Amino acid sequence: MSNDISGPSWNLLTIYSRVTDPAVERDFSELTELLNKIADLNKNLDHVNFTLAQEVFVKIENAGELFSNLLTYANCLLSVDSADEDAQQMFGRLQRYRKDIGSASKTLQEFEAFAGEEVLESYLNHESVGQARFSILHRRQLAPQLLSRSEEQLVEGLAQNGLHAWGDLYDRLSGSIECDVLVGNQSQSMGLAQAATQMMDSSDAQRKNAWEAINQSWNVHEEACAAGLNAITGWRLDLCDQRSQNEPVGFLDSAVHMNKISVETLNALLASARKSNALAQRAAKLQARAMGKERLGPWDSRAPAPVLEKHSTKLMAFDQAIELIKDAFSTVDPSMGEFVQMMADESWIEATVSAKKRPGAYCTSFSKSKSPRVYMTYSGSTSDVITLAHELGHALHFWVMRDLPETQRRYGMSLAETASTMGETAVRNELLARASSDLEKLDIMWEELSAFTTFMLNIPTRFEFEKNLYDKRRDRPLSPKELRKLMSDAWLEWYGDSISEPDPMFWASKLHFYISGLSFYNFPYLFGYLFSLGVFSEKSHLGDRFYSQYCELLRDTGRMTAEDLAERHLGFDIQSQSFWDNVIDSIHPRIDEYERLLNSVL
Ligand SMILES: [Zn+2]
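These figures come from a predicted structure and were not determined experimentally. (Residues numbered from 1 in each chain as written. Predicted model: local features only at pLDDT ≥ 70, side-chain atom pairs only at ≥ 80, totals over all residues.)

A. Representation of the nonpolar core in the model. Among the nonpolar cores identified, the biggest contains 119 residues, and Ile 325, Val 374, Leu 392 and Trp 507 are the most heavily contacted of them. Per element, the largest residue contribution to this core is 12 residues, and it comes from helix α20 (residues 438–473). Residue contacts for Leu 392: discarding those within four places in its chain leaves Ile 325, Val 340, Met 343, Val 374 and Gly 423. (Core = buried A, V, L, I, M, F, W, Y, C linked by C-beta atoms within 7 Å. Buried ≥ 20, exposed ≤ 12 C-beta atoms within 10 Å, placed from the backbone. Helix = DSSP H or I, 4+ residues; strand = E, 2+ residues; numbered from the N terminus. Contact = placed C-beta atoms within 7 Å.)

Written out as structure tokens, the structure is:
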């Protein structure tokens, strides 16, 4: 669809005037100087010298701030024009610094892990270090698992050409694979990224064609993928065994720790998803019905809202979208609306339409000026409006935390989507309130339903597969045939008869299983989705008191476990299944409403 609607471009001039700005060079030299000093200090850092450790800590924080400012700038420029040569060079130059900061931090992390209790307390008795108490103590929980210094170095060194090489192989494969997709009645050769956009086509046949072509391409490489997956899981299981000298370390432990939740919370979350499985399947069947079929296909997970009747889709100019989001955010609190206006007035939103731009949307921030930026391509569709609201939610999260020390602003993936999902929900409610017909309402509610089935069926499918994979891999590597079966079983277990067939090649086509740096990149999505809905549902109970409590909650996302956060600010016990059951119950009426609307138009 082509139209003239576009958003504004952002202002980066307050950061640096251009890549060749002398201020960029100044920041680079300051960073180099800091890293040299840290390397010097590290030579004398043992497990007792806490004043030296404090000095290293402060310098690493300073280096991190400079590095992040430079990197965000290069990334912003490359997002708008990936062919920008100056920015490319700057980005390339920063890669070495990334590595240097990583190794500079290693010695301090060791100190934090192995220092005795008394030394550690003295270390924490320093303003900047003390502010990082939560994250330092959280990291220190892993100390009993650590191997000796030389063993840790060996593991990390070998991982480059071992564990990470398999992830790299996967990236190379997925970057070079060509699929032959039937478009209309002509076969077209295209890369995976382009084929993936075909899976968002409004035609059912087109999505199916793309899905089949993608799976066929992965079939050709199934032996390589199986070797990779067996190696990645095998490596991690072996490492868990090595780390089990003091206490047993399981394959889920690192993912749970990284997300700052407990195993009990994860179990409660999944038990609740299982309990609500029938509701999720019912939602999937409603989606299928809206598409004019009995069951969803595995190619439908990113299908757009079906066009139920010929009606012209309304497009919204950017300024109108800002007004709408302002109104929606103001229903939570007037200051939230003012924040949206400020983002627009300061030109902190990049929303132009341009062929040079990278796809996608994100929110980022500059560490020196503590100012956020939102990136997207805005062409006026309802989904663009929702995306804008989502990213502005992230920006608000940053904004309410901006005065906190950097060490208290790093929140994990499980809490990262709290503010963005709430921004989306507020705007969707506003759009629904303004909708003039049932068809329009169905259109708006489609994405809500789609999110529900993705989070409640697709994410648990991925988790189930990955967990079973580790259990079976313990005995021996699995063949492609076995992996196909394991994946199909997981699909059928969760989707039941709401789906026409499983997706047997999902173990190969889903990038998330091949991220060598982290495992179980699935349950945090489900957690984040339901948690944020749980927070939003408190709005009706707390009324005017909601917003201040919400801000306090957001401010604590980087300095507490998810359990403590929920308990302190909302009195929620997220380790109990009833919390999650209640959240899902609150979505139930929306699914009923969708069905009612569907009945009225079909
Ligand atoms: Zn997000």
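There's more to say after this.
B. Molecular detail of the packing of helix α17 (residues 382–401) against helix α19 (residues 418–434). Closest axis-to-axis distance for the α17/α19 pair is 7 Å, and the angle between their directions is 140°. Relative to α19, the element α17 is oriented oblique. Seen from above, α17 lies across α19 with right-handed handedness. Residues Thr 382, Val 385, Ile 386, Ala 389, His 390, Glu 391, Leu 392, Gly 393, His 394, Leu 396 and His 397 of α17 form the contact with α19, whose own contacting residues are Ala 419, Ser 420, Met 422, Gly 423, Glu 424, Val 427, Arg 428 and Leu 431. Considering only residue class, the contact of α17 with α19 consists of 9 nonpolar, 7 polar and 3 charged. (Axes fitted to C-alpha atoms, helices over the stretch in contact; angles between N-to-C directions. Parallel < 35°, antiparallel > 145°, perpendicular 65-115°, else oblique. Left-handed = near helix turned anticlockwise from the far one by under 90°. Nonpolar A, V, L, I, M, F, W, Y, C, P; charged D, E, K, R; others polar.)

C. Region of interest: the domain arrangement of the chain. Examined at the domain level, the chain breaks down into domain 1 (22–154) and domain 2 (318–439). At the interface, 16 residues of domain 1 touch 15 residues of domain 2. Where the side of domain 1 that touches domain 2 is concerned, the elements lending two or more residues are α2 (50–80) and α5 (127–131). No other element matches the 9 residues that α2 contributes to the side of domain 1 that touches domain 2. When its residues are assigned to classes, the side of domain 1 that touches domain 2 shows 4 nonpolar, 9 polar and 3 charged. (Domains from an automatic or database assignment.)

D. Layout of helix α23 (residues 523–542). End to end, α23 covers 29 Å across 20 residues, agreeing with the expected 28 Å (1.5 Å per residue, within 8%). The positive-phi residue at the C-terminal boundary of α23 is Gly 543, with phi of around 55°. (Expected span 1.5 Å × (residues − 1).)

E. Just α20, in detail. Under the 1.5 Å per step criterion, the end-to-end length of α20 is 50 Å for 36 residues, consistent within 8% with the ideal 52 Å. At Met 445, α20 shows its largest kink, close to 35°. (Bend = angle between axes of the 7 residues up to and from the residue.)

F. Representation of unusual backbone geometry. The phi angle at Lys 260 is positive, at roughly 55°, despite the residue not being glycine. Of note, Lys 260 is situated in the loop between α12 (253–258) and α13 (263–275). Residue classification places Lys 260 among the buried positions, given that 23 C-beta atoms sit within 10 Å. A positive phi angle is found at Ser 347, which is not glycine, with a value near 60°. Position of Ser 347 among the secondary structure elements: in the loop between α16 (334–345) and β3 (349–350). For Ser 347, a count of 15 C-beta atoms within 10 Å translates into the label partly exposed.

G. Spatial organisation of the sheet that holds strand β5 (residues 371–375). One open sheet accounts for 3 strands, arranged β3-β5-β4; its pairing is mixed. In the strand order of this sheet, the two ends are held by β3 and β4 (362–366), each with one partner. As paired elements, β4 and β5 share 5 bridges and run antiparallel to each other. Considered in β5, the bridge of Tyr 362 is made with Tyr 375. Along the sheet face, α2 touches β3, β4 and β5 and points at about 140° away from the line of β4. (Pairing = 2+ DSSP bridges.)

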